[in-house]
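In case you want the letters, here they are:
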Amino acid sequence: MSASTLIAILTAGLTNGAVYALATIGLSLVWGSLGMLNMAHGALLTLGGYAAYTVVTTYGLPAPVGFVGGIAAGALAGAILYGAVVKHLLKQPSETFETNVLIATVGIGIALENTILLVYGGQPFRQPTSMDGLLRIGVTSVPVQDIVIILVSLLMMGVVGWILARTRMGRAIRATAQNREAAQLMGVPIRRVYLQVLMLAGALAGICGVLVSSITQLSPSLGGDPMLKAFIMCVIAGLGNLPGAVASAFGLALIEAFVQFGAGARWGFPVLLLIVILVLIWRPTGLFGRAAIRRL
Amino acid sequence: MPETLALVLTGITSGYAGPAVLTDVSLSVGRGQLITVVGPNGHGKTTLLKTISGLVRLRGGRIDLEGKSIAGLAPDVIAARGVAHVPQGDLLFPQMSVEENLLMGAYAERAKSVIAERLDEVFVRLPKLAERRKQIASTLSGGERRMVGIGRGLMMGGRVLLIDEPSLGLAPLIIEQIYLVIADLKASGRSILLVEENPARVVDLADSIHLLDNGAIVWSGPPAELMARDELLATYLGG
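Residues numbered from 1 in each chain as written. Chains lettered and ligands numbered in written order. Predicted model: local features only at pLDDT ≥ 70, side-chain atom pairs only at ≥ 80, totals over all residues.

Undergrad: Let's hear about the sheet that holds strand β10 (residues 216-221) of chain B: which residues, and what values?
TA: Residue and element names in this part refer to chain B. An order of β6-β7-β8-β3-β9-β10 is seen for the six strands of this open sheet, with the pairing classed as mixed. The sheet is open, and its two edges are formed by β6 (83-86) and β10, each paired on a single side. Pairs of neighbouring strands in the sheet enclose a mean axial angle of 20°, with direction left out of account. Most of the contacts of helix α6 (residues 142-155) go to β6, to which it runs at about 175°, and overall it touches β6 and β7 (160-164). (Pairing = 2+ DSSP bridges. Helix = DSSP H or I, 4+ residues; strand = E, 2+ residues; numbered from the N terminus. Axes fitted to C-alpha atoms, helices over the stretch in contact; angles between N-to-C directions. Contact = placed C-beta atoms within 7 Å.)

Undergrad: Tell me what's going on with helix α9 (residues 224-237) of chain A, and back it up with residues and numbers.
TA: All names here are of chain A. With 14 residues, α9 ought to run about 20 Å at 1.5 Å a step, and its terminal C-alpha atoms sit 20 Å apart, in line with that. Of all the 14 residues making up α9, ten are buried; the element is thus mostly covered by neighbouring parts of the structure. Residues of α9 that are buried: P226, M227, K229, A230, I232, M233, C234, V235, I236 and A237. Among the structural elements, α1 (3-34), α2 (41-57), α8 (190-215), α10 (242-263) and α11 (268-282) are those in contact with the buried residues of α9. G238 lies just past α9 and shows a positive phi near 100°. (Expected span 1.5 Å × (residues − 1). Buried ≥ 20, exposed ≤ 12 C-beta atoms within 10 Å, placed from the backbone.)

Undergrad: Which residues make up the interface of chain B and chain A, and what are the values?
TA: Tallying the contact residues gives 19 residues for chain B and 15 residues for chain A. Contributions of two or more residues to the side of chain B that touches chain A are made by α2 (75-81) and α3 (98-105) of chain B. The biggest single contributor to the side of chain B that touches chain A is α2(B), with four residues. Of the residues that constitute the side of chain B that touches chain A, the class distribution is 13 nonpolar, four polar and two charged. (Nonpolar A, V, L, I, M, F, W, Y, C, P; charged D, E, K, R; others polar.)

Undergrad: Provide a residue-level description of the packing of α2(A) against helix α3 (residues 63-89) of chain A, including the pertinent values.
TA: When two helices pack together, their arrangement is captured by the angle between the axes and the distance separating the axes. Residues and elements named next belong to chain A. Direction vectors running N to C along α2 and α3 enclose 140°, while the axes themselves pass 7 Å from each other. Relative to α3, the element α2 is oriented oblique. Once α2 is placed against α3, the crossing between them reads as right-handed. Residues L44, L47, G48, G49, A51, A52, V55 and V56 of α2 form the contact with α3, whose own contacting residues are A63, V65, G66, F67, G69, G70, A73, G74, A77 and G78. Looking at side-chain class alone, the contact of α2 with α3 contains eleven nonpolar, seven polar and no charged residues. (Parallel < 35°, antiparallel > 145°, perpendicular 65-115°, else oblique. Left-handed = near helix turned anticlockwise from the far one by under 90°.)

Undergrad: Please provide a residue-by-residue account of the pairing of strand β9 (residues 208-213) of chain B, values included.
TA: Residues and elements named next belong to chain B. With four bridges connecting them, strand β3 (residues 34-38) and β9 associate as parallel partners. Bridge assignment links I35 to a residue of β9, and that residue is S208. Relative to β10, β9 is paired through five bridges, and the arrangement is antiparallel. In the sheet register, L211 faces β10, and the bridge partner there is W219. Between β9 and β10, which pair antiparallel in sequence order, lie two residues; one of them, N214, sits at a positive phi of approximately 50°.

Undergrad: Explain the environment of R146(B) to me, and be specific about the residues and the numbers.
TA: Residue and element names in this part refer to chain B. Within the secondary structure layout, R146 lies in helix α6. Note on R146: 28 C-beta atoms within 10 Å, which makes it buried. Between the alpha carbons of R146 and I175 there is a distance of 9.8 Å; along the sequence they are 29 residues apart. Those residues in contact with R146 that lie beyond four places of it in its chain are D90, P166, L170 and I178.

Undergrad: Account for the confidence of the model for chain B, with residues named and values stated.
TA: Averaged over all residues, the pLDDT of chain B equals 93, while 98% of them reach at least 70. Both confidence scores are given for the complex: pTM 0.89, ipTM 0.91. (pLDDT = per-residue confidence, 0-100.)

Here it is in structure tokens:
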């Protein structure tokens, strides 16, 4: 294997890993703090991608504004998801909540995806919120957009980590995740915490949607593949475990990239699924998971 | 004289789905007093404290904190008004350090200087916690966890402290230490409502004892009097 091939595989793996990691932390954050498997997460990704497209193409604004538009659309959708649906389902006991919110978000995801199909049509678009050009690395060169994706993703993970570890809001989110009743007794308004978590996850989905569409293309089913991969990462890491989710996302994306190079592109996904099956057999709570512990 | 009363419950009825757990319970905690509710397990002691802090829905009656009604408010609002509830089994935040757990107690307080003051006070009263400051709560011993639970309650700086079975699941020697802390809190002038299964532990401490049986108060009076009434102890507490 030549150096340039190795760099190409590593770039592909790390770029995909960055996208998977972003999709995964959004999903994992919501599960960890609400016990909610957000099946509409993929549709929020798609929404963010199209929002950035509209801001740049229809309103003629520069790409960074489009990027902010994608984030804002995701956060807003997260807030609406909370206010219109989740808030009401939370009044139910937790066992029925977990099932009902899963089914409700499946429906919301389908509705949102079809709304996008209705508004924009099914033909794919190029995402204008991206950077062109190649960056020379030693003997080869890699697309600048790939580097941007990796850096933005790392930055966002840093921001999420900082919010959770260092801010009052983050401490309240972790407290609510670890013991909802105790958090209430300490004066934490848990409804506001849930709203904040869904907005944060929505914003992450928006960013992820812009990034993933910049290396593929915009289509109404854009969010499906990253969300599926995010579920795989969550299962392997243990749901709700953020550092584990990030490690799994990069690790598995690299494995996928090497398998695709070595055995052909069609083997990438089956190998990921095989790993999931093996993990579920030997470590049902995930590689980094602990039984029945949600941790944030 | 309502201004000398920290907490007043008047004829409260409450419960979960289904029949009421508590019926027509009235009691009051004067400022600086330690009032104890004793009774067999499963007869509503924990529900009583949870009703005060808003975790269990109040169906009837009044709850007044320093003369103002807190009935029907959300738990986080009640906590911010000054009810510090140290729950049964501690309910710590297991993945947080001792210090982070304590800081969560002061969540409703925004002034950094006040939070630092309270933290210093907790470390003076519970010096063990200062040693364990950076340790993750889930790795502490049972006695240490109880101290974090009480310390977290103190961090809330409440007007009244509710403590639910501080002796639960601890070795006798540790229980003694915990009660020394509680005596120290009473001496510092705090108003405390304490729930306990065994009245013998609070004889020297409580200003008054209420006996809760089957969701209703069946006897109230000074602790020494309860200990002298063998028939009450035998009937309700199996002593």
